Amino acid sequence: ACGRNNQGQCNIPPLDEGLSYSSVSAGYDHTVLLRSDGHAVCCGQNDFGQCDIPPLKPGTSYTQVSASCRNTVLLRSDGWVVTCGDRAGDMFPP
């Protein structure tokens, strides 16, 4: 990652052996990354809770991630859309 990194948004966490990042999305001052094991990680500013990614329910994984200015949206394998940040806690069924 490259850029200003004034909020740590370029401090991409290292991965354990055997894992990779399969998707990435950059918000204003945060970055959300989808790991190959279906978990999501976030780095950067967290003033609105946009990096407080909810834990997964057993048997599910995250399949898509998207970051915007002050929130993060994640799609779970069961079809639910989960948000954190400015609209924290919103969940939308499939």
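The preceding data block contains the structure.
Values in this document were obtained by computation on a predicted structure and should not be read as measured data.

Another point: the pairing of strand E4 (residues 62-67). Bridge analysis of E4 against strand E5 (residues 71-76) gives 5 bridges, and the strand direction is antiparallel. The residue of E5 that forms the bridge with Ala67 is Thr72. Adjacent in sequence and paired antiparallel, E4 and E5 are bridged by 3 residues.

Let's shift gears to the pattern of salt bridges. Counted according to the given criterion, the structure contains 3 salt bridges. Measuring nitrogen to oxygen at the nearest pair gives 2.6 Å for the salt bridge that ties Arg35 to Asp37. Accessibility expressed as a relative area gives 21% for Arg35, which makes it partly exposed. Judged by relative accessible area, Asp37 falls into the partly exposed class, the value being 33%. The partner of Asp86 in a salt bridge is Arg70, with the nearest N and O atoms 3.1 Å apart. In this pair, Asp86 is assigned in the loop between strand E6 (81-85) and strand E7 (91-92) and Arg70 in the loop between E4 and E5, connecting sequence segments 16 residues apart. We classify Asp86 as partly exposed; its relative accessible area is 41%. Accessibility expressed as a relative area gives 36% for Arg70, which makes it partly exposed.

Definitions and limits used
Residues numbered from 1 in each chain as written. Predicted model: local features only at pLDDT ≥ 70, side-chain atom pairs only at ≥ 80, totals over all residues. Heavy atoms only, no water. Pairing = 2+ DSSP bridges. Helix = DSSP H or I, 4+ residues; strand = E, 2+ residues; numbered from the N terminus. Salt bridge = Lys/Arg side-chain N within 4 Å of Asp/Glu carboxyl O. Buried < 20%, exposed > 50% of the residue type's maximum accessible area, 1.4 Å probe, protein only.

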